[in-house]
Amino acid sequence: MRTLSLLAVLVLTVALAGLSALPAAYGQPNFIVILADDVGWGDLGANWAETKETPHLDELAAEGMRFVDFHSAASTCSPSRASLLTGRLGARNGVTHNFAITSVGGLPLNETTLAEVLREAGYSTGAIGKWHLGHHGHHHPNFRGFDYYFGIPYSNDMGCTDTPGYNLPPCPSCPRHNVAARVTTKDCYTEVALPLFENVTIVQQPVNLSSLAARYAEEASRFIQRASDSGRPFFLYLALAHMHVPLDVPLPHASGRGIYGASLSEMDALVGQIKKAADGHGKGNTLLWFAGDNGPWAQKCELAGRVGPFVGAWQRQRGGSSAKQTTWEGGHRVPALAYWPGHIPAKQTSRALLSTLDIFPTLVALAGATLPPNRRFDGLDVSPVLFGWSDVGHKVLLHPNSGAAGRDGGIETLRLAQYKAFYTTGGAKACDGSIGPAEHHQPPLIFNLDRDIQEQEPLDVASREYQAVLPAISRAYAQALEDIATDNVSVADYSKDPAVIPCCNAQHVACRCQVPENHASMLDCDVERRTTRLCL
């Protein structure tokens, strides 16, 4: 037994040595992180057999690694994105709920982003798509470590357009000069058009949602080409508009699932284009990581995604949704894939407990860079899982309140191995309009996910199993709260001012303006700083 133990230690030592030498031996790898918006675990065909619209994503799964116990760091947009880019929960980085179009602040400036770390390590950095971490002043992505930005500063339904796409309730198109002001429609933005930025300049307002997917694919391919021509490694953060609410989907993408299926098919095709572009610049040079930012937006009914088996049955029996904005599995368990030919083994399924929090420390390690000092991280370097050396992830994973119940960003749900404990429960707005009331639980509700993935029946508090696991859960919970309380914690500015709304021409109704597309791509920094379309 002693010989076997020594042999195991030797194998592990050699493997870890190989990992530490990887950036030097192969050169720094390129990174592409694709984050889908409000996509369900069951929206991936490789996860859920009923889904037929994702052949390119399914190909990624077949050629790389599929994660089946992978979680977003929060169950709503801004906190989830802030955590991905900092490796820290909102309770540490300060981003606990969504920013508005009138938000003065954003991700606190004392927080260090993944782009800043990688740029310091020699990377060319680009962000394409939805930002939603502050657009005013130095909260804009160009000041948060990204050399290049092209996209919408928040969600694709947070402004009117001439091609509104689909929504529930339906939203009207933007007003024009010859149209009198209309009554504001509930849940719709009718007075300010949705802006499209290239770096710090608005190049189109309102955005043409019909062509947005194609433009994102085009700009992503251009960024990859420019970075490759420069000889520098690159980091591309591609935050898709899909699947939040469907864009104005072209008819050729129609599918059996109607509008949502057509939009899912369009997103899948976009991912396929990005994979093709990356492979075209040296297959095996680029790690591509796909994940969702949170679960489906259930109140959108047929325009929302599939949660798969993660239905949150206990909550559904009491009203409300158990998906986006909640701490039920449907709110934060998301589809995730990693693809890196020659490094990540193909046709692999990992059951390790992982999170979008892990992307930050993992990419930093693979780049040969170091984590920022004077702060603690919730993410792990999961390189051993990616390379197939281990299938061990988090022992404890925290799920912050995300709008359905409890204080925003508060930690009242946690996972310990197969057990999940709720100190607070609540349901988000469901398709039928119901909202599950917040309930506090002391002692906590505890589910064994190995036996009850639907979260239907909590353990009986008098059972031997409950009594055996409760002390470990209580210790883990107390230690987590103490760790956060003693950390270097940031505070986000959530103040609002209508003057900071992105507007390229305040003299026009809905801030209308448009730069010809062939001109917009040629705008350099000097022109951007002189143009009247600046709104920072």
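Report follows, based on the coordinates. (Residues numbered from 1 in each chain as written. Predicted model: local features only at pLDDT ≥ 70, side-chain atom pairs only at ≥ 80, totals over all residues. Heavy atoms only, no water.)

## So, the overall build of the chain
We count it as follows: Numbering of helices and strands runs from the N terminus, with a helix taken as a DSSP run of H or I at least four residues long and a strand as a DSSP run of E at least two residues long. Partly exposed residues are those whose accessible area sits between 20% and 50% of the maximum for their type, while under 20% is buried and over 50% is exposed, using a 1.4 Å probe and protein chains only. In this analysis, two residues are considered to be in contact whenever any of their non-hydrogen atoms come within 4.5 Å of each other. Reported accessibility uses the Shrake-Rupley method at a 1.4 Å probe radius. Residues are deemed covered only where the shown protein chains occlude them.
The helix and strand tally for the chain stands at 14 helices and 17 strands. By the burial criterion, 60% of the 536 residues in the chain qualify as buried. Considering only residue pairs separated by 6 or more positions, the chain has 72% of its internal contacts joining residues 24 or more positions apart. For the chain, the accessible surface area stands at approximately 20,600 Å², while carbon and sulfur atoms represent 54% of it.

## A closer look at the packing of helix 6 (residues 212-230) against helix 7 (residues 258-279)
Pairs of packed helices are described in terms of their axes, by the angle between the two and the distance that separates them. Threshold: The axes used here are C-alpha line fits, helices contributing only the stretch in contact, and every angle between their N-to-C directions lies in the interval 0 to 180 degrees. Each angle is binned into one of four classes, with values under 35 degrees roughly parallel, values over 145 roughly antiparallel, values of 65 to 115 roughly perpendicular, and all other values oblique. Handedness of a crossing follows from how the near helix is turned relative to the far one, being left-handed for an anticlockwise turn of less than a right angle and right-handed for a clockwise one. Here the term charged refers only to Asp, Glu, Lys and Arg, the term nonpolar to Ala, Val, Leu, Ile, Met, Phe, Trp, Tyr, Cys and Pro, and the term polar to all other amino acids, Gly among them.
Following both chains from N to C, one finds helix 6 and helix 7 inclined at 15°, their axes separated by 10 Å at the closest point. With respect to their mutual orientation, helix 6 and helix 7 come out roughly parallel. Both helix 6 and helix 7 take part in a crossing whose hand is right-handed. Note on element contacts: helix 7 touches helix 6 through Glu266, Leu270, Gln273, Ile274, Ala277 and Ala278, opposite Ala213, Tyr216, Ala217, Ala220, Ser221 and Ile224. The class makeup of the residues in the contact of helix 6 with helix 7 is 9 nonpolar, 2 polar and 1 charged.

## As for the environment of Asp408
Considering the arrangement of structural elements, one finds Asp408 in the loop between strand 13 (396-400) and strand 14 (411-416). If we skip the residues at most four places from it in the chain, Asp408 touches Thr96, His97, Asn401, Ser402 and Gly403.

## With respect to unusual backbone geometry
In this model, Leu168 is joined to Pro169 through a cis peptide bond whose omega is -5°. Structurally, Pro169 is set in the loop between strand 5 (148-151) and strand 6 (196-198). Gln442 connects to Pro443 through a cis peptide bond whose omega is 10°. By the secondary structure assignment, Pro443 is in strand 16 (residues 439-448). Residue Asn374 is not a glycine yet carries a positive backbone phi of 65°. Examined against the element boundaries, Asn374 turns out to sit in the loop between helix 10 (359-366) and helix 11 (383-386). On the basis of relative accessible area, Asn374 is assigned to the exposed category, the value being 64%. Within the chain, Ala417 stands out as a residue other than glycine whose phi angle is a positive 55°.

## What about helix 3 (residues 77-86)?
With respect to burial, helix 3 is a largely interior element, 10 of its 10 residues being buried. On its buried face, helix 3 is in contact with strand 1 (30-36), helix 4 (90-93), helix 5 (114-120), strand 8 (234-239) and helix 10. Gly87 occupies a position one or two residues after helix 3 and carries a positive phi of about 70°.

## What to know about empty space enclosed by the protein
To find leftover empty space, a probe the size of one water molecule is rolled over the atoms. Formally: With a 1 Å grid spanning the protein atoms alone, the term cavity applies to any set of points in which a 1.4 Å probe fits but cannot get out, the term pocket to an open set with protein on both sides within 12 Å along at least five of seven lines, and the term lining residue to any residue with an atom within 4 Å of a point. Grid points are joined across faces, edges and corners, and a volume is the space filled by probe spheres set on the points.
Tallied over the full model, the rule gives 6 cavities of 30 Å³ or more. When its volume is computed, the largest cavity comes out at roughly 140 Å³. Around the largest cavity sit 15 residues that line it, and Asn156, Asp157, Gly159, Pro164 and Cys171 are the ones nearest its centre. The class makeup of the residues in the lining of the largest cavity is 9 nonpolar, 5 polar and 1 charged. The computed volume of the second largest cavity comes to approximately 60 Å³. Forming the boundary of the second largest cavity are Gln325, Thr326, Thr327, Trp328, Asn401, Ser402, Ala404, Ala405, Thr424, Thr425 and Gly426. When its residues are assigned to classes, the lining of the second largest cavity shows 3 nonpolar, 8 polar and no charged.

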